[in-house]
Amino acid sequence: MGIFYFPCNFVYWRKIEKHNIYKNTIIDFMDSHEYLFDADSLISNGSTTFKRQNEKFSRENQDFIQDVVWNTVDEVINILNSKEDTRKISLSESYITGSWISKYKDNATVAMHEHFSGGFHSPSFSIVYIVKDPNERNTLVFVEPFTQSKSTFGMNEQMFDTSLESEIGEGSVIIFPASLQHRVDLMKKPGRIIMSFNISSTFTNG
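*Asks:* Any details on the sheet that holds strand β5 (residues 108-113)? Residues and values, ideally.
*Replies:* If you trace the four strands from one edge of the open sheet to the other, you get β5-β10-β7-β8, paired in antiparallel fashion. Each having just a single partner strand, β5 and β8 (158-161) make up the two edges of the open sheet. Recorded for the sheet is a direction-independent mean angle of 20° between the axes of neighbouring strands. One ladder, built from three bridges, connects β5 with strand β10 (residues 181-187); its direction is antiparallel. The partner of Val110 across the bridge, within β10, is Val184.

This is the structure:
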């Protein structure tokens, strides 16, 4: 008698102890590098301003990258690998393939999307760091469509609404598979700032 669990989707979050330091650093960077944020791209219905920072911040703030990105990757891998009777995740290397800062207006939304593009350099993980959020609840929602459901729940849509988790908010970093679909529901208050990363990894046999 035995059982084997296939790898599955997940959403993991943790609080960042040095959040106030990182928050001020990111906002100062945005204020002092306005020329990097002069081209607005619109997501969904145009209510969201989306501004890329093109890795400059990451190069200048390696301690931040270690804490928010790589420590988070290490933690979630250890947690996933602690589960018995499932294939272990073993990475020979990981690197950041994309990073950006987003600042949202009031009544902003982001349509359903995912970060997995297919191909050799497709990201394996995505990370969202909530830098600033005056809203009472985080409005990020993760969805596994019924067409992708492969579990005992059958062909049903599975959803994780982060607004139901009071711990998730400003100062939280969230990591999830890059292929996991997600959206951002209505934000009533303007000024939400997030920093996002796509992580590509080379896997070895676990």
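Picking up where we left off.
*Asks:* Can you explain the packing of aromatic side chains? Please cite residues and give values.
*Replies:* Within the structure shown, the criterion is met by nine aromatic pairs. Judged by centre distance (5.0 Å) and plane angle (80°), the ring pair of Tyr22 and Phe64 falls under edge-to-face. Taken as a pair, Tyr22 in helix α1 (residues 19-32) and Phe64 in helix α3 (residues 62-81) lie far apart in primary sequence, 42 residues in all. Residue classification places Phe64 among the buried residues on the basis of a relative accessible area of 3%.

*Asks:* Run through α3, naming residues and quoting values.
*Replies:* Under the 1.5 Å per step criterion, the end-to-end length of α3 is 27 Å for 20 residues, consistent within 8% with the ideal 28 Å. Within α3, the axis deviates most sharply at Trp70, by approximately 30°. Residues of α3 that are buried include every one of Phe64, Ile65, Asp67, Val68, Val69, Thr72, Val73, Val76 and Ile77, and no others.

Thresholds applied
Residues numbered from 1 in each chain as written. Predicted model: local features only at pLDDT ≥ 70, side-chain atom pairs only at ≥ 80, totals over all residues. Heavy atoms only, no water. Pairing = 2+ DSSP bridges. Helix = DSSP H or I, 4+ residues; strand = E, 2+ residues; numbered from the N terminus. Axes fitted to C-alpha atoms, helices over the stretch in contact; angles between N-to-C directions. Phe/Tyr/Trp six-rings, centres within 6.5 Å; stacked < 30°, edge-to-face > 60°. Buried < 20%, exposed > 50% of the residue type's maximum accessible area, 1.4 Å probe, protein only. Expected span 1.5 Å × (residues − 1). Bend = angle between axes of the 7 residues up to and from the residue.

Don't take any of this as a statement about function, it's just geometry.
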